[in-house]
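Residue strings, one per chain:
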Amino acid sequence: MTADPTLPDYREQTPEVAARFERLLERPVALEVSGLTKRFESSRNVVTALDNVSFSVHKRELLSVIGPSGCGKSTLVRILAGLETPTSGELRVYGEPVSGPGPDRGMVFQGYTLFPWRTVKENVIFGPRMAGTSAFSAESQAREWIELVGLSKFENAYPHQLSGGMKQRVAIARALANQPRVLFMDEPFGALDAQTRCQMQSYLLEIWKNVDITIVFITHDLDEAVFLSDRILVLDANPGRVREVVQVPVPRPRKPEQLFLPSFMGVRQHIDRLIHPPGQEQKEAPVLRHAISDPDVI
Ligand SMILES: Nc1ncnc2c1ncn2[C@@H]1O[C@H](COP(=O)(O)OP(=O)(O)OP(=O)(O)O)[C@@H](O)[C@H]1O
Ligand SMILES: [Mg+2]
């Protein structure tokens, strides 16, 4: 894609946006990642999925991580959630070193991970009950979370009775019910159709507005990253390294119409060029031996 020189520089910020970033970066650090390296070793080869990755996420920030396929996004988020151990490096949540999973961190995956044999309410109650919350209190809290994601009418439904978007809303409620301080989301809307995906992005911003939570959101979708985020961490692939942390100059509250704002398109273009550097555009697919040539199919 050729660059559009008429778009504003992604570093241009209105005074309001600049002031917001100043306040945001003054907030306590919720998550600090220092020198994270992950190597997968087998008898045949060594893959360095992440190489010396360092960054911080501030309280109540929404930070997206974007990068080409295989750059280590899922590996990163699995390490942050404590599901994978790093080869080296350190992770702190509000200053406390952490290793292994903990209730301070929640996770929402792309695949639907609800218990199919439990209702919506039972799925949401499960975590707090395991953590020792009384049945009465877990149930009343679950109702609140279910209401927050707009599914009160479905609290007794089973996952198979819900649409993909609804299942992911339950997954968000279930993760939030454990009251984590940081929520990790690995391409949570990746399996949804385009329209539902856009709705879910707006839902997520609405939920984030109402809950004291810091979010690290993994995606490979540029529009999604810009629409949701305060800042975007761009990773390089092979090995996965931090390329740049970009401040999104689009004001909040975010609305779908902003996708066409010059500031939106300017920062989108910048990130697109970081991920797909000029000269590395995808080559045309080779013509197959049995392909039937048709001048109207181009
Ligand atoms: N368990 C594993 N064993 C060996 N190699 C692995 C393992 N998990 C991931 N990798 C390798 O680490 C690299 C990063 O993988 P990862 O799944 O984190 O990428 P990703 O950015 O999430 O990709 P995608 O956008 O396709 O989801 C890849 O080269 C992958 O092959
Ligand atoms: Mg992945």
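Our structure's up above, just so we're on the same page.
Definitions and limits used
Residues numbered from 1 in each chain as written. Chains lettered and ligands numbered in written order. Predicted model: local features only at pLDDT ≥ 70, side-chain atom pairs only at ≥ 80, totals over all residues. Helix = DSSP H or I, 4+ residues; strand = E, 2+ residues; numbered from the N terminus. Buried ≥ 20, exposed ≤ 12 C-beta atoms within 10 Å, placed from the backbone. Contact = placed C-beta atoms within 7 Å. Pairing = 2+ DSSP bridges. Near = placed C-beta within 6 Å. Nonpolar A, V, L, I, M, F, W, Y, C, P; charged D, E, K, R; others polar. Axes fitted to C-alpha atoms, helices over the stretch in contact; angles between N-to-C directions. Parallel < 35°, antiparallel > 145°, perpendicular 65-115°, else oblique. Left-handed = near helix turned anticlockwise from the far one by under 90°.

Chemist: Any details on the overall build of the chain? Residues and values, ideally.
Modeler: Regarding its fold elements, the chain presents 8 helices and 10 strands. In terms of principal-axis extent, the alpha carbons of the chain reach across some 65 × 55 × 50 Å. Counting only residues that meet the buried cut, the chain has 35% of its 298 residues in that class. Taking the intrachain contacts of the chain between residues at least 6 apart in sequence as the baseline, contacts between residues at least 24 apart amount to 72%.

Chemist: Could you give an account of the pairing of strand 4 (residues 88-93), naming the residues involved and the relevant values?
Modeler: It is a general feature of regular strands that their side chains alternate between the two faces of the sheet. As paired strands, strand 1 (residues 29-41) and strand 4 are joined by 5 bridges and run antiparallel to one another. Following the sheet pairing, Glu-32 is matched in strand 4 by Arg-92. Note: strand 4 against strand 5 (residues 96-97), 2 bridges, orientation antiparallel. Paired with Arg-92 across the strands is Pro-97, a residue of strand 5. Counting the residues in the hairpin turn of strand 4 and strand 5 gives 2 residues, including Tyr-94, whose phi is positive at 45°.

Chemist: Describe the pairing of strand 9 (residues 231-236), and please don't skip the residues or the numbers.
Modeler: Most of strand 9 is tucked away: 5 of the 6 residues are buried. Strand direction decides the pairing type here: strand 3 (residues 62-66) and strand 9, joined by 4 bridges, are parallel. Its bridge partner lying in strand 9, Leu-63 is registered against Arg-231. Strand direction decides the pairing type here: strand 9 and strand 10 (residues 241-247), joined by 6 bridges, are antiparallel. Note that in strand 10 the partner of Val-234 across the bridge is Glu-244. Hairpin geometry of strand 9 and strand 10 is characterised by an intervening segment of 4 residues between the two adjacent antiparallel strands and by a positive phi of about 50° at Asn-238.

Chemist: Residue-level account of the site of ligand 1, with values.
Modeler: Residues in close proximity to ligand 1 include Phe-40, Val-47, Ala-49, Gly-67, Ser-69, Gly-70, Cys-71, Gly-72, Lys-73, Ser-74, Thr-75 and His-220, which together make up its full environment. Elements that contribute at least two residues to the shell around ligand 1 include exactly strand 2 (46-58) and helix 2 (73-80). Among the elements that line the shell around ligand 1, the one with the most residues is helix 2, at 3 residues. Broken down by class, the residue content of the shell around ligand 1 amounts to 4 nonpolar, 7 polar and 1 charged.

Chemist: Go over the sheet that holds strand 7 (residues 182-186) with me, naming the residues and quoting the values.
Modeler: Across a sheet, paired strands are connected by hydrogen bonds in the backbone, their directions being either parallel or antiparallel. Overall, mixed pairing links the 6 strands, which are arranged 6-7-8-3-9-10 in an open sheet. The sheet is open, and its two edges are formed by strand 6 (105-108) and strand 10, each paired on a single side. Across the sheet, the axes of successive neighbouring strands diverge by a mean angle of 20°, strand direction being ignored.

Chemist: Can you break down the sheet that holds strand 5 residue by residue, with the values?
Modeler: Strands sit in the order 2-1-4-5 across an open sheet of 4 strands; the sheet is antiparallel. Unpaired on one side and paired on the other, strand 2 and strand 5 mark the two borders of the sheet. Strands in contact with helix 2 are strand 1, strand 2 and strand 4; relative to strand 2, the strand with the most contacts, it is inclined by about 60°.

Chemist: Please set out the packing of helix 5 (residues 164-177) against helix 6 (residues 194-210) residue by residue, giving values where relevant.
Modeler: With their axes 10 Å apart at the nearest point, helix 5 and helix 6 run at an angle of 25° to one another. Between helix 5 and helix 6, the angle falls in the class roughly parallel. Of the two possible hands of crossing, helix 5 and helix 6 adopt the one that is right-handed. Contacts between helix 5 and helix 6 involve Gly-164, Gly-165, Gln-168, Arg-169 and Ile-172 from the first element and Thr-196, Gln-199, Met-200, Tyr-203 and Ile-207 from the second. Classifying every residue of the contact of helix 5 with helix 6 by side-chain character gives 4 nonpolar, 5 polar and 1 charged.

Chemist: Before we move on, can you summarise the environment of Gly-89 with the specific residues and values?
Modeler: You can see Gly-89 is positioned in strand 4. Residues Gly-89 and Ser-34, spaced 55 residues apart in sequence, show a C-alpha to C-alpha distance of 5.6 Å. If we ignore the near neighbours within four places in the chain, the residues touching Gly-89 are Ser-34, Gly-35, Leu-36 and Thr-37.

Chemist: Give a description of the packing of helix 3 (residues 120-130) against helix 5 that names residues and reports values.
Modeler: Interhelical geometry of helix 3 versus helix 5 gives an angle of 25° and a closest axis separation of 8 Å. As far as their axial angle goes, helix 5 and helix 3 are roughly parallel. In the packing of helix 3 onto helix 5, the handedness of the crossing is right-handed. Between helix 3 and helix 5, the residues in contact are Val-120, Asn-123, Val-124, Gly-127 and Pro-128 and Val-170, Ala-173, Arg-174 and Ala-177, respectively. Looking at side-chain class alone, the contact of helix 3 with helix 5 contains 6 nonpolar, 2 polar and 1 charged residues.

Shape is all these values report; function is a separate question.
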